[in-house]
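As a plain string of letters, each chain reads:
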Amino acid sequence: MTRTVYLNGEYFLENEAKISIFDRGFLMADAVYEVTSVLDGKLIDFKGHANRLNRSLDELDMKNPISYEELLAVHRELIHLNEIDEGLVYLQISRGAPSDRDFVYPNPDETDPTIVLFTQNKPGLANSPSAKKGVKIISIDDERWGRRDIKTVQLLYPSMGKMMAKKVGADDAWMVQDGYVTEGTSNNAYIIKNNKIVTRGLSNDILHGITRAAVLKFAKEAQMQVEERNFTLDEAYEADEAFITSASTFVMPVIEIDGNKIGQGVPGSSSSRLREIYLEESKKLAI
Ligand code: PMP
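The present account deals with the structure reproduced in this document. Counting of residues starts from 1 at the beginning of each chain's written sequence and follows it residue by residue. Per-residue local features of the predicted model are confined to residues with pLDDT of at least 70, and side-chain atom pairs are confined, for both listing and counting, to 80 or more; whole-chain, interface and lining totals are unaffected and use all residues. To get the side-chain values, take all heavy atoms of the structure and skip hydrogens and water.

**Side note on the nonpolar core**
What counts, and what does not: Put simply, buried Ala, Val, Leu, Ile, Met, Phe, Trp, Tyr and Cys residues joined by side-chain atoms within 4.5 Å make one nonpolar core. Note on exposure labels: buried denotes an accessible area under 20% of the residue type's maximum, exposed denotes more than 50%, and partly exposed covers the range between, all computed with a 1.4 Å probe on protein chains only. Counting from the N terminus, the helices are DSSP H or I runs at least four residues long and the strands are E runs at least two residues long. The split into domains, and so the bounds of each, comes from an automatic or database assignment of domains.
Among the nonpolar cores identified, the biggest contains 27 residues, and Ile197, Phe243, Leu274 and Tyr278 are the most heavily contacted of them. Listing elements by their share of this core, those giving two or more residues are strand 3 (31–39), strand 5 (87–94), strand 10 (188–193), helix 6 (210–221), strand 14 (250–257) and helix 8 (269–285). At five residues, the largest contribution of residues to this core is made by helix 6. Taken domain by domain, this core gets at least three of its residues from each of domain 1 (4–125) and domain 2 (129–285).

**Examining unusual backbone geometry**
Although it is not a glycine, aspartate 61 adopts a positive phi angle of roughly 50°. As for its placement among the helices and strands, aspartate 61 is situated in the loop between helix 2 (46–59) and helix 3 (68–81). Judged by relative accessible area, aspartate 61 falls into the exposed class, the value being 62%. Its identity as a non-glycine residue notwithstanding, asparagine 194 has a phi of 50°, on the positive side. One can find asparagine 194 in the loop between strand 10 and strand 11 (196–199).

**A word on helix 8**
Threshold: Expected span of a helix: the number of residues minus one, times 1.5 Å.
Its 17 residues place the ends of helix 8 24 Å apart at the C-alpha level, agreeing with the 24 Å of an ideal helix rising 1.5 Å per residue. Residues Ser270, Ser271, Leu274, Arg275, Ile277, Tyr278, Leu279 and Ser282 constitute the buried set of helix 8.

**Concerning the packing of helix 2 against helix 3**
The condition that has to hold: Here, axes are lines fitted to C-alpha atoms. For helices the fit covers the stretch in contact, and angles between N-to-C directions go from 0 to 180 degrees. Reported orientations rely on four angle classes, namely roughly parallel under 35 degrees, roughly antiparallel over 145, roughly perpendicular from 65 to 115, and oblique for the rest. By convention the crossing between two helices is left-handed if the near helix lies anticlockwise of the far one by an angle smaller than a right angle, and right-handed if it lies clockwise. In what follows, residue pairs with any heavy atoms lying within 4.5 Å of each other are defined as contacts.
It is the contact of helix 2 with helix 3, at a shortest axis distance of 11 Å, that shows an interaxial angle of 125°. Put simply, helix 2 runs oblique to helix 3. With respect to the hand of their crossing, helix 2 and helix 3 are arranged in right-handed fashion. In this structure, helix 2 uses Phe46, Lys47, Ala50 and Leu53 to contact helix 3, whose residues at the interface are Tyr68, Leu71, Leu72 and His75.

**Focus: the pairing of strand 11**
Put simply, the rule reads: Should DSSP find at least two bridges between two strands, the strands are regarded as paired. Consider the strands pointing away from the viewer: the crossover is right-handed when the path from the first strand over the helix to the second runs clockwise.
For strand 10 and strand 11, the ladder comprises four bridges, and the chain directions are antiparallel. What sits directly across from lysine 193, in strand 11, is lysine 196. Counted between consecutive antiparallel strands, the loop separating strand 10 from strand 11 contains two residues, among which asparagine 194 sits at a positive phi close to 50°. For strand 11 and strand 12 (residues 225–228), the ladder comprises four bridges, and the chain directions are parallel. The residue of strand 12 that forms the bridge with isoleucine 197 is valine 226. What joins strand 11 to strand 12 is helix 6, and the crossover it makes is right-handed.

Interpretation in functional terms is not warranted from these geometric data alone.
Take a look at the structure:
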């Protein structure tokens, strides 16, 4: 099925949507994005994603070309047109296409942002076999820029990290800075030791995951203990359980880090329970 996508206020077939070669998203990664999951045809954590989008735009002095209501309407229309039951909606806003390449930002009165949305159909997203098997992680140095709290499209290092993992038969990589785990290439990282969930606190060092916020809230409501602090790889190797969170994987158990089995080397009971709680509660709140 040829997808219908959204570009600057209009809907197009995916092969008919065109943007300029001078677009700053293309030339300079001067763009921000969001990914929202869809379950049962409804948007999960939409408000959180819309709020973080505004924050990313503000941090980069970029104009928001679309209101909350319009953005929601476009998401829903794309879900409808592309018949998405389970999947993702990808959204990107760049600073637009000035008439020439220049490091200086174009005048926002003369250059409109470029806004693109498209869907990704992922049947079985909630029931993923990986969640039952768990995933294997390697560690790599965190060599990204210093404003990881802004969700920009400069994803080359995370992409390299994912390839480093694939090359050695693992699924993903956790990044390490000054001896402490920051986060996964496209997810937040957690360990559980003595029934306490440990994850790095919020700062410019990591993306403020929307799934992270929801999962920590649900964990506290379920009387689970949560500690937001830095943790080392050695702590992770010795943990009872480990897991990652993101909009596209929800809560995903980790069973191995750098060849060390975590716990019994199978998805831990608390991680699996958190996945169930997250899916159940966020489906209730889906719009
Ligand atoms: N950290 C990074 C580096 C990410 O790319 C992502 C997902 N885009 C996350 C964390 C998870 O964020 P969210 O739960 O909002 O998807």
